[in-house]
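Chain and residue survey
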Amino acid sequence: MNPSCWSFRPRHARRLMMFALLTASLGACAPEEDAQAQEPVAQVESELPAGGWRVLMPAGGAPIRGITRRADGLLIGGSSWGHGIDVWTSSNGGASWSLHGSVANNPNVEFGDVTMLAIPGTRTVFCAFREYADGQFRVTITRSDNDGDGWVYDSTVAGPTTRFVGAPFLFRRGNGDLQVYYDSELLAAQSGFPGHQWIAMQGRQGLAGAWTAYGTVTVSRDKRAGALSREGMPTVVQLAGDRIMAVVEGVEAFPTGGARANVINAVQSWDGGRTWDDSLRRTVYSSRIDPGSGRRYNAYVPYAIRVGGGPVGVAFCSDEDKAGPPDLSSAPVDQRNCHVGFVTTTANFETWSAPSPVWTGTSRNYTPGLFERAPNDVIAVIDGLGTNRVLLR
């Protein structure tokens, strides 16, 4: 993964991880882009039911982040162990997972940022991921037409380039177009901002063809004068019609206490991702400031989902429960302290709740992911960085 840390280099050295699996019952300079006419949406979102997260799966491997449901009802997702991508499936709603083949294996390529999307009514599953080889990065798409039993190359969305591109997220627009959102140092540099990292989107008409239906759209960046804009790890949710929201990790545009902490941002589009409304750019969550150092604690690697037609919920990692000063946002993942928290929108998808805990049992965690198994029934998957556990709510 490449969270938008102030290090300029991706955190792409990974090993095969173990995971925590939880469930919850929930009730949800570059050119300016003009927002389209706003369509009416519900003014009040339903409250989430009370309750906490509890253990579902006590041990074992599982996908990282991008879980989807294939045609026969099994859950499917992927994870990278470095030079390959494993496929995981579950027949019991995520309570346990089994290895189910491989998307790719190559000793000369480092793979990461794996995500999947199944197309309802078909046996087609897309898998997007980042490749790194010979000093260059790519965002690559593979496709399975038999529910993930076998895979073929589909396309390259971005790269090869020496500037980082990665952390793709697959989203199907309401009109059926397939879109890919991803981190891009390349787009920022091409727009005159080297050292920055923005969220880019490319799409195709329908499910096949070139990724040129939208051009390359700048989804999320901080446009304030003098701001450092390093955004990454996008997830996208549909709100109403063509109104969608992208939730991303960022860093503070201006340092607090001499350092830039990770924060979580969101931005919205009224036209299915073609343009993005900066007037609806919000800080989803920024952690408290440590009184000793004057620095802000971190909030990072968010994952957003809308559940049951209600609010948007976001799971994320944070070190604000840590004693002493915050971790540096550039610190290696396995050296950072973090618990997993959760926030939701409260009204109009524009304000956010205070955080509640998801997992506080250990302090080495990464990349939470959310998936709705049934209406108002969501599992959260946490990369435990080598630990063995599972949780449920």
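All values reported here derive from a predicted model rather than from experimental measurement. (Residues numbered from 1 in each chain as written. Predicted model: local features only at pLDDT ≥ 70, side-chain atom pairs only at ≥ 80, totals over all residues. Heavy atoms only, no water.)

1. Examining the sheet that holds strand 9 (residues 136-144)
So the rule is basically this: Two strands pair if DSSP finds at least two bridges between them. Numbering goes from the N terminus for both helices and strands, where a helix is a DSSP run of H or I of at least four residues and a strand is a run of E of at least two. Interaxial angle, 0 to 180 degrees, is taken between N-to-C directions of lines fitted to C-alpha atoms, where a helix line uses only the stretch in contact.
With antiparallel pairing, four strands are arranged side by side in an open sheet as 7-8-9-10. Looking at the sheet topology across the chains shown, the edges are occupied by strand 7 (110-118) and strand 10 (152-161). For this sheet the average axis-to-axis angle between neighbouring strands, irrespective of direction, equals 15°. When strand 7 meets strand 8 (residues 125-133), the two strands line up antiparallel, connected through seven bridges.

2. Considerations on the sheet that holds strand 4 (residues 75-80)
Note on sheets: strands pair through backbone hydrogen bonds, and any given pair is parallel or antiparallel. The sheet built from four strands is open, its strands ordered 3-4-5-6 with antiparallel pairing. Each end of this open sheet is capped by a strand with a single partner; those strands are strand 3 (68-69) and strand 6 (98-105).

3. Topic: the side chain of Glu-131
Our working definition: Remark: exposure states derive from per-residue accessible area (1.4 Å probe, protein chains only) relative to the maximum for the residue type, with buried under 20%, exposed over 50%, and partly exposed in between. When charges are counted, Lys and Arg are positive and Asp and Glu negative, with His and the chain ends excluded. Salt bridge criterion: a side-chain nitrogen from Lys or Arg within 4 Å of a carboxyl oxygen from Asp or Glu. Any pair of nitrogen or oxygen atoms within 3.5 Å is treated as a polar contact; in protein, a donor-acceptor pairing is required on top of that, and neighbouring residues in sequence qualify only through side-chain atoms on both sides. When checking whether two residues touch, look at their non-hydrogen atoms; a contact exists if any pair is within 4.5 Å.
Here Glu-131 shows up in strand 8. For the buried Glu-131, no salt bridge exists, and the shortest N-O distance to an oppositely charged side chain is 5.3 Å, to Arg-138. At a separation of 2.4 Å, a polar atom in the side chain of Glu-131 contacts the side chain of Thr-140. Excluding residues within four positions of it along the chain, Glu-131 makes contact with Val-109, Glu-110, Phe-111, Gln-136, Phe-137, Arg-138 and Thr-140.

4. Considering the pattern of salt bridges
Enumeration over the complete set of coordinates arrives at 17 salt bridges. Arg-70 is paired through a salt bridge with Asp-72; the nearest N and O atoms lie 2.9 Å apart. Under the relative-accessibility criterion, Arg-70 is labelled buried at 10%. Given the relative accessible area of 44%, Asp-72 is considered partly exposed. If you follow the salt bridges from partner to partner, you end up with Arg-143, Asp-145, Asp-154 and Arg-204 in one network.

5. Quick word on the side chain of Arg-260
Its location among the elements puts Arg-260 in the loop between strand 16 (243-251) and strand 17 (262-269). Separated by 2.5 Å, the side chain of Arg-260 and the backbone oxygen of Ala-253 make a polar contact.

6. A short note on the environment of Gly-112
With respect to the helices, strands and loops of the structure, Gly-112 is situated in strand 7. Sequence separation between Gly-112 and Ser-79 is 33 residues; the distance between their C-alpha atoms is 7.6 Å.

7. So, unusual backbone geometry
A cis amide bond links Gly-159 to the next residue, Pro-160, at an omega of 5°. Take Pro-160: it is sitting in strand 10. Backbone geometry at Asp-113 places phi at a positive 55°, although glycine is not the residue there. A relative accessible area of 5% places Asp-113 in the buried class.

Any functional reading would require information that these geometric values do not contain.
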